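Take a look at the letters that make up each chain.
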Amino acid sequence: MISQPSRHCTVELQALPSRIGQVRRIVSAQLRYWHLDPLIDCAALAVTELLTNVHRHAEPDKMCTVEIELLLDHLTVSVHDHDPRVPQIRTADPLATCGRGLAMVAAVSESWGVRPQGPAGKTVWFTLPAPSPAVALPAYPMHGAIPFTETPARPAVVG
């Protein structure tokens, strides 16, 4: 029995530095909406690293799709690009300013991997454990709901 439905979000973009920052904010906002605030830092860091790899290495273009999916107790974030070359973790020189992206993804995630898709490219993904139980959300925002307001406590009269 599935106790909560899958939640899914997809963003298509060209992996340019300005767009990478926008996707970080989108991922953060989506996780906040799903009440997964504890996952924001790790997810934002890992998706930034994956998008930076697309920006630096993907050929023939920088187009990619970011998918975020919450299914029961796991969040999966994936980045699909059109480059069929499979990335691998490298050992970076201690003074190097780059080359640690996948190692950082591995360090902050529960699991990660690559799904080659032949000439169509590849998908690099990572998972994070979702806090349990995740808060159930309405399917659509409720319009016209009356907001809850708290009345201030009155000081006790001593006499």
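Data block above holds the structure.
Since we're looking at a predicted model, the values are computed, not measured. (Residues numbered from 1 in each chain as written. Predicted model: local features only at pLDDT ≥ 70, side-chain atom pairs only at ≥ 80, totals over all residues. Heavy atoms only, no water.)

Buried residues dominate strand β3 (residues 74-81), accounting for six of its eight residues. Two successive antiparallel strands, strand β2 (residues 63-71) and β3, enclose a turn made up of two residues, where Leu-72 displays a positive phi of approximately 55 degrees. Where β3 and strand β5 (residues 122-129) come together, eight bridges link them in antiparallel fashion. Its bridge partner lying in β5, Leu-75 is registered against Leu-128. (Buried < 20%, exposed > 50% of the residue type's maximum accessible area, 1.4 Å probe, protein only. Helix = DSSP H or I, 4+ residues; strand = E, 2+ residues; numbered from the N terminus. Pairing = 2+ DSSP bridges.)

So, on to the packing of helix α1 (residues 17-33) against helix α2 (residues 40-57). One way to put it is that α1 packs onto α2 with a least axis distance of 9 Å and a crossing angle of 150 degrees. Taken together, α1 and α2 sit at an angle that is classed as roughly antiparallel. α1 and α2 meet at a crossing whose hand is right-handed. Where α1 approaches α2, its residues Pro-17, Ile-20, Val-23, Arg-24, Val-27, Ser-28, Leu-31 and Arg-32 are matched on the opposing element by Ile-40, Ala-43, Ala-44, Leu-45, Val-47, Thr-48, Leu-51, Thr-52 and His-55. For the contact of α1 with α2, the per-class residue count stands at 11 nonpolar, four polar and two charged. (Axes fitted to C-alpha atoms, helices over the stretch in contact; angles between N-to-C directions. Parallel < 35°, antiparallel > 145°, perpendicular 65-115°, else oblique. Left-handed = near helix turned anticlockwise from the far one by under 90°. Contact = heavy atoms within 4.5 Å. Nonpolar A, V, L, I, M, F, W, Y, C, P; charged D, E, K, R; others polar.)

Here Glu-49 shows up in helix α2. Using a relative accessible area of 17% as the deciding quantity, one classes Glu-49 as buried.

Taking strand neighbours across the sheet as the criterion, the five strands line up as β1-β2-β3-β5-β4 in an open arrangement whose pairing is antiparallel. Looking along the sheet, the strands with just one partner apiece sit at the ends: β1 (7-14) and β4 (111-116). With strand direction ignored, the average angle separating the axes of adjacent strands in the sheet is 15 degrees. Bridge count between β4 and β5: six bridges; the pairing is antiparallel. Paired with Trp-112 across the bridge in β5 is Phe-126. On top of the sheet, α1 reaches β1, β2 and β3; it is set at about 170 degrees to β1, its chief contact.

With 17 residues, α1 should cover 24 Å at 1.5 Å per step; its first-to-last C-alpha distance of 25 Å lies within 8% of that length. Those residues of α1 lying buried are Ile-20, Gly-21, Val-23, Val-27, Ser-28, Gln-30 and Leu-31. Packing partners of the buried residues in α1 comprise β1, α2, β2 and β3. Looking at the residues trailing α1, positive phi occurs at His-35, about 60 degrees. (Expected span 1.5 Å × (residues − 1).)

The terminal C-alpha atoms of α2, which comprises 18 residues, lie 25 Å apart, in line with the 26 Å expected from a rise of 1.5 Å per residue. As for α2, its buried residues are in contact with α1, β2, β3, α3 (101-108) and β5.

Let us now look at the packing of α2 against α3. Running from N to C, α2 and α3 cross one another at 155 degrees; their axes reach a closest spacing of 9 Å. By the criterion of interaxial angle, the relationship of α2 to α3 is roughly antiparallel. Read as a crossing pair, α2 and α3 show a hand that is left-handed. Where α2 approaches α3, its residues Cys-42, Leu-45, Ala-46, Glu-49, Leu-50 and Asn-53 are matched on the opposing element by Gly-101, Leu-102, Met-104, Val-105 and Val-108. Classifying every residue of the contact of α2 with α3 by side-chain character gives eight nonpolar, two polar and one charged.

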